[in-house]
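# Summary of structural features
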Amino acid sequence: MTNKFKYFIGNWKMFGNLASLNSIKQVHNFCLKFKKYTSKSKIIYCVPYTLIYFFSQKLKSKFISFGAQNCHFVETFGPYTGSVSASMLKKVGAKYVIIGHSENRFEGDTNKLIKQKIESALKQNLNVIFCVGETLKEKNKGKTFKVIKNQIKSSLSKKYNFNKIILAYEPVWAIGTGKIPKIQTVKKTIIFIKNQFQKILKVKKTPVVLYGGSVNNSNIRMFSSISEIDGFLIGGASQSSKKFIDIIKNYYK
Ligand code: PEP
């Protein structure tokens, strides 16, 4: 089953400054002009912590929401130097937060820690973009499904509000490399994630599942042929308004 909206979520990683608001304004203007695309889409920018408040204050857009790229597992305040909590994010205008990105898993985020972060984010009524996916080594050993199943099982719980959770399938080896999986593999994996989600969590709801990993304005045409993909988590290409707009345009072409 597919979901109603297609998501285009930008993950700016450690890029951007106050002047980058112009890039998002261009995307907003595009949305104003091309309502035929935007009525079917949700556009979200997950930007560095330093930019969330400024962007969400300066751009009140019905087309674009803002989010963060991670949060601390403690929900409110605590002696955690350099960290930012879900409640802090909520107060500066974030509506979404990416949790479990492979770049954070590399830095030590375990499935257990990710679960705590998801709980904190949900308690703050943030929408969670939960990333799952296999490394190259795991892929080569044929362990993709096993890894993803374990990530879902270890970090989600039946008691969560599933209307607030989006999953993103991000094969780690496809992130920032220009490499993408075979299109039939993406389709199979997205369907697997949807089925496992329902099976493990014993819910009827079909989750929103995105694809992420080297999406650009040319390979998006291939992805658009797979109706089961509910949208995209876009890293590098989302930093350019032109590339981001072209991805959306070409998706609907
Ligand atoms: C990401 O960082 O989530 C991502 C998908 O990056 P890229 O599009 O650059 O591969």
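Our structure is the block above this text.
Residues numbered from 1 in each chain as written. Predicted model: local features only at pLDDT ≥ 70, side-chain atom pairs only at ≥ 80, totals over all residues. Heavy atoms only, no water.

Time to look at the site of the ligand. Around the ligand, 14 residues are found, and the nearest of them are K13, E170, G176, S214 and G235. The backbone of G176 places a nitrogen or oxygen atom 2.7 Å from an oxygen atom of the ligand. Contact distances for the ligand include 2.7 Å between an oxygen atom and a backbone N or O atom of S214. Taking 290 Å² as the accessible area of the ligand by itself, protein coverage stands at 95%. (Near = heavy atom within 4 Å. Polar contact = N/O pair within 3.5 Å; in protein donor to acceptor, adjacent residues only side chain to side chain. Areas by Shrake-Rupley, 256 points an atom, 1.4 Å probe, with all protein chains shown as cover.)

All right, on to the packing of helix α6 (residues 111–123) against helix α8 (residues 144–155) then. How two helices pack is summed up by the angle between their axes together with the distance between the axes. Interaxial distance between α6 and α8 falls to 8 Å at its minimum, and their mutual angle equals 50°. Regarding the angle of α6 to α8, the classification is oblique. The interaxial crossing formed by α6 with α8 has right-handed handedness. On α8, the residues that touch N111, I114, K115 and I118 of α6 are N150, Q151, S154 and S155. Within the contact of α6 with α8, the residues separate by chemical class into two nonpolar, five polar and one charged. (Axes fitted to C-alpha atoms, helices over the stretch in contact; angles between N-to-C directions. Helix = DSSP H or I, 4+ residues; strand = E, 2+ residues; numbered from the N terminus. Parallel < 35°, antiparallel > 145°, perpendicular 65-115°, else oblique. Left-handed = near helix turned anticlockwise from the far one by under 90°. Contact = heavy atoms within 4.5 Å. Nonpolar A, V, L, I, M, F, W, Y, C, P; charged D, E, K, R; others polar.)

This paragraph deals with helix α11 (residues 241–252). With twelve residues, α11 should reach 16 Å at 1.5 Å per residue; the first-to-last C-alpha distance of 17 Å fits that figure. Summarising burial for α11: nine of the twelve residues are buried, a large majority. Listed as buried for α11 are S241, F244, I245, D246, I247, I248, N250, Y251 and Y252. Residues of α11 that are buried make contact with β1 (6–11), α1 (21–33), α2 (35–38), β2 (41–46), α10 (220–223) and β8 (231–234). (Expected span 1.5 Å × (residues − 1). Buried < 20%, exposed > 50% of the residue type's maximum accessible area, 1.4 Å probe, protein only.)

Attention shifts here to the nonpolar core. F8, Y45 and F232 are the most contacted members of the largest nonpolar core, which totals 68 residues. Among all residues touching F232, those that are not within four sequence positions of it are Y7, F8, I9, L210, Y211, V215, I220, F223 and Y251. Of all hydrophobic cores here, the second largest spans 13 residues; its members include I98, I129, C131 and I166. (Core = buried A, V, L, I, M, F, W, Y, C linked by side-chain atoms within 4.5 Å.)

Here the structure, examined in full by the defined rule, presents five salt bridges. For K13, the salt bridge identified is with E103, shortest N-O distance 2.8 Å. Residue K13 is found in the loop between β1 and α1, and its partner E103 is found in helix α5 (residues 102–106); the two are separated by 90 residues along the sequence. The partly exposed category is assigned to E103, whose relative accessible area is 34%. (Salt bridge = Lys/Arg side-chain N within 4 Å of Asp/Glu carboxyl O.)

The analysis is restricted to geometry; functional conclusions fall outside its scope.
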